[in-house]
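Fold and geometry: a report
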There are 2 protein chains.
Amino acid sequence: MAVIKDVAKLAGVSVGTVSKYLNTPELLREDKREAVEDAIQKLNYRPNLFARNLRVQDSKTIAVIAQEIRNPFHAALFNTIRKEAMKYNYSVVLYSINDVNGNIDTLFESLPLHYFSGLVLCYFHDMEQSIAFAKRHDKVPMVIMSNSDRYFNEYDSAKIIHADFTLGIEKVCEYLISRGNKNIAYIGCKTKDTAHEPKLKGFLMTMEKYGLKPHSITRLEKEYTMETGYESAGQILKCGTLPDAILSDTDIMAVGALNCLRDHNIKVPDDLMLASCDNIEFARYCCPRLTTVNVPIEAMSIKAVELLVAQMEDKPHLSTGTSFELELIIRESTK
Amino acid sequence: MAVIKDVAKLAGVSVGTVSKYLNTPELLREDKREAVEDAIQKLNYRPNLFARNLRVQDSKTIAVIAQEIRNPFHAALFNTIRKEAMKYNYSVVLYSINDVNGNIDTLFESLPLHYFSGLVLCYFHDMEQSIAFAKRHDKVPMVIMSNSDRYFNEYDSAKIIHADFTLGIEKVCEYLISRGNKNIAYIGCKTKDTAHEPKLKGFLMTMEKYGLKPHSITRLEKEYTMETGYESAGQILKCGTLPDAILSDTDIMAVGALNCLRDHNIKVPDDLMLASCDNIEFARYCCPRLTTVNVPIEAMSIKAVELLVAQMEDKPHLSTGTSFELELIIRESTK
DNA sequence: TTGTACGCGTTATCAC
DNA sequence: GTGATAACGCGTACAA
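Residues numbered from 1 in each chain as written. Chains lettered and ligands numbered in written order. Predicted model: local features only at pLDDT ≥ 70, side-chain atom pairs only at ≥ 80, totals over all residues. Heavy atoms only, no water.

An unreviewed UniProt entry lists chain A under the name LacI family transcriptional regulator, with Faecalicatena orotica as the source organism.

The following block contains the structure:
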């Protein structure tokens with residue numbers, strides 16, 4: 001493996017010159033530049049990243065903290081972040097909150113936090129903890145994805161991306177009501193900060209606005225999976241009286257609920273309407289196709305990486321976070 | 001940030017002793033050990049990984065090369081590998097073949113190959129290329145996931161994990177035939193090495209064994225997505241005569257196909273049976289539930305990491321790869 | 001514009 | 001069992 005010294009010798013220059021070529025080639029005289037270029041080619045030289053990292057104390061690596069990569073919503077989020085980061089020449093490692101029972105701090109046991117050039121926090125499930133973590137490490141370049149304007153307005157605007165899930169759920173809930181449903185059941189998972197759970201809040205506010213009482217609110221203390229959705233729907237059926245509609249806070253749960261209803265011979269949308277939130281791909285492919293709320297994952301991820309890069313390259317205020325709007329998508333499950 | 005020198009000073013020992021404490025504490029006398037421990041505690045010292053990496057020329061990082069993380073099958077694979085690797089104190093970075101139009105070599109442009117402690121190749125789509133890449137870099141610790149005994153038998157047994165997809169497809173195809181289907185259509189995606197595509201091979205061999213002719217073979221040059229499945233089924237319907245059954249080489253495509261059939265008012269399984277391979281979670285939650293072939297992703301990933309760690313820690317022959325059997329799962333789509 | 005020399009924080013190799 | 005010291009390969013003052 002050729003090192004910078006070999007290149008210098010072959011090119012007939014000093015190591016300093018080669019280093020300059022690598023970092024600020026425009027500051028080199030043309031003949032030297034060509035000589036170095038040739039030598040690098042001939043030796044197939046690649047700078048040693050270990051040495052470089054030590055010297056500049058920077059790994060060019062971003063940690064993405066996500067809930068669970070097998071969840072299609074989070075997979076899409078992670079994937080776009082990863083792709084975007086690579087455009088800026090950062091690599092990405094994934095941490096999953098599910099690995100550590102929801103405690104962010106235990107995540108960095110093997111790899112210390114300062115190893116990373118930056119962090120993206122996509123842990124909607126416990127925003128309170130995410131924000132606390134961010135505040136505790138405010139020197140570390142970091143972007144937080146938020147689902148609540150509570151944090152969007154309160155926290156550093158150069159570090160936060162926001163999607164208004166409350167508004168999103170309001171839209172879909174209003175739509176359900178406009179379709180004649182009065183007796184609506186809500187399903188979701190229990191989050192740490194129930195009092196400010198933005199989706200639940202959107203549901204409750206909308207129901208109240210129309211003077212309606214929820215049929216039921218089911219929020220199991222489980223992971224967001226189809227199985228949990230199945231189980232949640234099962235709970236609703238046990239109530240005795242069927243709701244007019246079920247509003248699920250995620251597509252993945254809605255798909256599970258759909259299965260449960262089918263097993264009980266309840267037809268969607270004829271016997272009961274179903275709508276949810278996220279617009280994962282499967283929402284278009286299940287049967288019936290789901291009415292849901294689109295989340296602009298791609299745009300959000302791109303913006304997140306932009307913010308993070310700005311921080312990492314020390315121009316934090318070139319860019320500030322944005323709030324993204326969610327859009328209602330009407331499909332068969334409410335037809 | 002405290003460094004090793006600070007610890008040494010506070011503990012009243014030399015840096016060498018502290019280093020020894022970090023790496024082989026059992027070789028230290030008890031009083032010194034305690035002194036160092038105390039100092040580390042007091043200073044909240046964390047070894048600098050950049051320096052450590054440089055010294056030992058090892059990043060403790062594994063690269064996983066996967067097709068596409070949004071595909072649930074690959075997400076599950078990646079996730080288990082990541083979790084396993086973390087148990088051994090390695091971190092994982094994901095590379096996606098879809099980012100680089102299927103060319104593995106362009107993957108390591110920013111990060112040189114020798115930066116990684118090891119590699120896991122999960123690129124079933126072009127085994128020929130995967131194996132060629134592995135052979136070209138036979139000094140790099142690497143594990144290849146293979147879908148064909150062609151490679152399993154031919155390549156270094158300490159470096160390869162194998163699932164017999166040919167046999168898996170044979171099982172499901174035989175089952176379709178046993179259910180009275182004679183006129184079977186096959187859908188999949190075009191792979192680079194069609195002549196040895198293990199799933200297609202399993203299908204063709206089984207059909208021949210029973211003296212049957214395929215209704216059609218549709219293999220679009222697209223990615224494995226539900227949309228591609230939808231389109232593939234559309235092609236079959238254009239043929240005019242409906243097959244008795246469709247065998248899809250992946251669940252994800254089958255789900256898409258299911259949607260297309262539904263849009264054309266063709267009932268599964270009444271008008272036409274459908275079966276596939278992978279046993280992703282959706283296969284249990286779509287409507288009808290899919291008959292498919294289970295792939296023991298978890299066991300395979302665990303074994304893969306075991307093999308890789310053995311290579312990385314220089315005991316390559318403590319462990320050899322295994323072939324995993326695939327199991328038929330019968331559900332509604334063939335009832 | 002280019003070269004020299006030093007430092008980044010760790011581990012490994014020696015003497016002792 | 002412990003301490004001093006030389007690498008590891010790169011970036012960057014500072015001198016020329």
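1. Let's talk about the protein's contact with DNA strand D
Close contacts around DNA strand D come from 21 residues, with Ile4 and Tyr45 of chain A together with Thr17, Lys32 and Arg55 of chain B the closest. One of the backbone nitrogen or oxygen atoms of Ser14 of chain B is found 3.1 Å away from a phosphate oxygen of DNA strand D. When contributions to the surface near DNA strand D are tallied by element, the ones reaching two or more residues are α2 (15-23) and α4 (49-56) of chain A together with α2 (15-23) and α4 (49-56) of chain B. In terms of residue class, the surface near DNA strand D is made up of eight nonpolar, seven polar and six charged. (Near = heavy atom within 4 Å. Polar contact = N/O pair within 3.5 Å; in protein donor to acceptor, adjacent residues only side chain to side chain. Helix = DSSP H or I, 4+ residues; strand = E, 2+ residues; numbered from the N terminus. Nonpolar A, V, L, I, M, F, W, Y, C, P; charged D, E, K, R; others polar.)

2. Regarding the packing of helix α5 (residues 72-87) of chain B against helix α13 (residues 297-312) of chain B
All names here are of chain B. Interaxial distance between α5 and α13 falls to 9 Å at its minimum, and their mutual angle equals 40°. By the angle class used here, α5 and α13 are oblique. As for the relative orientation of α5 and α13, their crossing is right-handed in sense. Facing α5, whose interface residues are Phe73, Ala76, Leu77, Thr80, Ile81, Glu84 and Ala85, α13 presents Ile297, Glu298, Ser301, Ile302 and Val305. Among the residues forming the contact of α5 with α13, the class breakdown is eight nonpolar, two polar and two charged. (Axes fitted to C-alpha atoms, helices over the stretch in contact; angles between N-to-C directions. Parallel < 35°, antiparallel > 145°, perpendicular 65-115°, else oblique. Left-handed = near helix turned anticlockwise from the far one by under 90°. Contact = heavy atoms within 4.5 Å.)

3. Some words on the sheet that holds strand β7 (residues 216-220) of chain A
Residues and elements named next belong to chain A. Pairing is parallel across the open sheet formed by four strands, whose spatial order is β7-β6-β8-β9. With partners counted over all chains shown, the strands left at the sheet margins are β7 and β9 (273-275), one partner each. Mean inter-strand twist for the sheet, computed between neighbouring axes without regard to direction, equals 15°. Taken together, the five bridges between strand β6 (residues 184-189) and β7 define a ladder with parallel strand orientation. Bridged to Cys189 within β7 is Leu220. Along the sheet, helix α10 (residues 226-238) makes contact with β6, β7 and β8 (245-248), crossing β7 at roughly 145°. Relative to β6, helix α11 (residues 251-263) is tilted by about 125°, and along the sheet it contacts β6, β8 and β9. (Pairing = 2+ DSSP bridges.)

4. Considerations on the UniProt feature "domain: HTH lacI-type" (unreviewed entry) in chain A
Cross-referencing UniProt, the feature "domain: HTH lacI-type" (unreviewed entry) maps to residues 2-56 of chain A in the present numbering. The distance from the first to the last C-alpha atom of residues 2-56 of chain A is 21 Å, and the span holds 71% helix and 0% strand. (UniProt positions renumbered as here; feature names shortened; annotations may be inferred.)

5. Re the interface of chain B and chain A
Opposite the 54 residues of chain B that make contact, chain A presents 55 residues. Here chain B and chain A share an interface that buries about 4,800 Å² over both sides, 59% of which is from carbon and sulfur atoms. Where chain B meets chain A, there are six salt bridges. We note a salt bridge from Asp263 of chain B to Arg289 of chain A, for which the minimum N-O separation is 3.1 Å. Where chain B meets chain A, there are 21 residue pairs in polar contact (both at pLDDT 80 or more). Mapped onto the side of chain B that touches chain A, the elements with two or more residues apiece are α4, α5, β2 (91-96), α10 (226-238), α11 (251-263) and α12 (282-285) of chain B. At seven residues, α5 of chain B tops the list of elements feeding residues into the side of chain B that touches chain A. Taken together, the residues of the side of chain B that touches chain A sort by class into 26 nonpolar, 13 polar and 15 charged. (Buried area = accessible area lost by both parts, 1.4 Å probe. Salt bridge = Lys/Arg side-chain N within 4 Å of Asp/Glu carboxyl O.)

6. Focus on the relation of the copies chain B and chain A
Between the two copies of the chain lies a relationship made up of a rotation around an axis and a movement along it. Expressed as a screw transformation, the operator carrying chain B onto chain A has a rotation angle of 180° and an axial translation of 0.1 Å, and the superposed copies differ by an RMSD of 0.2 Å. The operation mapping one copy onto its partner corresponds to a two-fold rotation axis. When C-alpha distances to the rotation axis are compared across chain B, the minimum falls at Val93 of chain B, with a value of 2.5 Å. The fraction of interface residues of chain B whose copies in chain A are also interface residues reaches 100%, indicating that both copies meet through the same surface. (Least-squares fit on C-alpha atoms with pLDDT ≥ 70 in both.)

7. Some thoughts on the sheet that holds strand β8 (residues 245-248) of chain B
All names here are of chain B. Strands sit in the order β7-β6-β8-β9 across an open sheet of four strands; the sheet is parallel. Of all strands in the sheet, those bounded by a partner on one side alone are β7 (216-220) and β9 (273-275). Going from strand to strand, the sheet's axes swing by 15° on average, the running direction of each strand aside. Across three bridges, β8 lies against β9 in parallel orientation. Bridging across to β9, Leu247 finds its partner in Ala275. In this fold α10 packs onto β6 (184-189), β7 and β8, with an angle of close to 145° to the strand it touches most, β7. Packed onto the sheet, α11 meets β6, β8 and β9 and runs at close to 125° relative to β6.

8. Quick notes on the protein's contact with DNA strand C
By nearness alone, 24 residues border DNA strand C, and Thr17 and Lys32 of chain A together with Ile4, Tyr45 and Arg55 of chain B come closest of all. Among all atoms of DNA strand C positioned within 4 Å of the protein, those belonging to sugar or phosphate total 71%. Between DNA strand C and Ser14 of chain A, the relevant distance is 2.9 Å, taken from a phosphate oxygen to a main-chain nitrogen or oxygen of the residue. At a separation of 2.4 Å, a phosphate oxygen of DNA strand C approaches a polar side-chain atom of Thr17 of chain A. At the level of elements, α2 and α4 of chain A together with α2 and α4 of chain B are the ones that each hand at least two residues to the surface near DNA strand C.

9. Considerations on the nonpolar core
Residues Met145, Leu247 and Phe282 of chain A together with Met145 and Leu247 of chain B are the most contacted members of the largest nonpolar core, which totals 154 residues. If you look at the next biggest cluster of nonpolar residues, it comprises 57 residues, including Tyr151 of chain A together with Leu111, Leu113 and Phe133 of chain B. (Core = buried A, V, L, I, M, F, W, Y, C linked by side-chain atoms within 4.5 Å. Buried < 20%, exposed > 50% of the residue type's maximum accessible area, 1.4 Å probe, protein only.)

10. Side note on the environment of Gly321 of chain A
Residues and elements named next belong to chain A. Relative to the helices and strands, Gly321 is located in the loop between α12 (297-312) and β11 (323-324). Spatially, the C-alpha atom of Gly321 lies 38 Å from that of Gly180, the residues being 141 residues apart in sequence. Discounting chain neighbours no more than four positions away, the residues touching Gly321 are Phe152, Ser157, Ala158, Ile160 and Leu307.

11. Focus on the packing of aromatic side chains
For the coordinates displayed, the defined rule picks out 19 aromatic pairs over all chains. When the centroid spacing of 6.4 Å and the interplanar angle of 55° are considered together, the rings of Phe73 of chain A and Phe124 of chain A count as tilted. Here Phe73 of chain A, found in helix α5 (residues 72-87), pairs with Phe124 of chain A, found in the loop between β3 (118-122) and α6 (127-136); they are 51 residues apart in sequence, far enough to count as distant. Each ring, one from Phe108 of chain A and one from Phe133 of chain A, has its centre 6.1 Å from the other, and the planes form 15°; the classification is stacked. Taken together, the residues Phe108 of chain A in the loop between β2 (91-96) and β3 and Phe133 of chain A in helix α6 connect sequence positions 25 residues apart. Across this residue pair, the class does not change: Phe108 of chain A and Phe133 of chain A are buried. Ring-pair connections join several aromatic residues into one group, and the members of that group are Phe50 of chain A together with Tyr95, Phe108, Tyr115, Phe116 and Phe133 of chain B. Directly above the ring of Tyr90 of chain A sits Lys60 of chain A, whose terminal nitrogen or CZ lies 4.4 Å from the centroid. (Phe/Tyr/Trp six-rings, centres within 6.5 Å; stacked < 30°, edge-to-face > 60°. Lys NZ or Arg CZ within 6 Å of the ring centre and 35° of its normal.)

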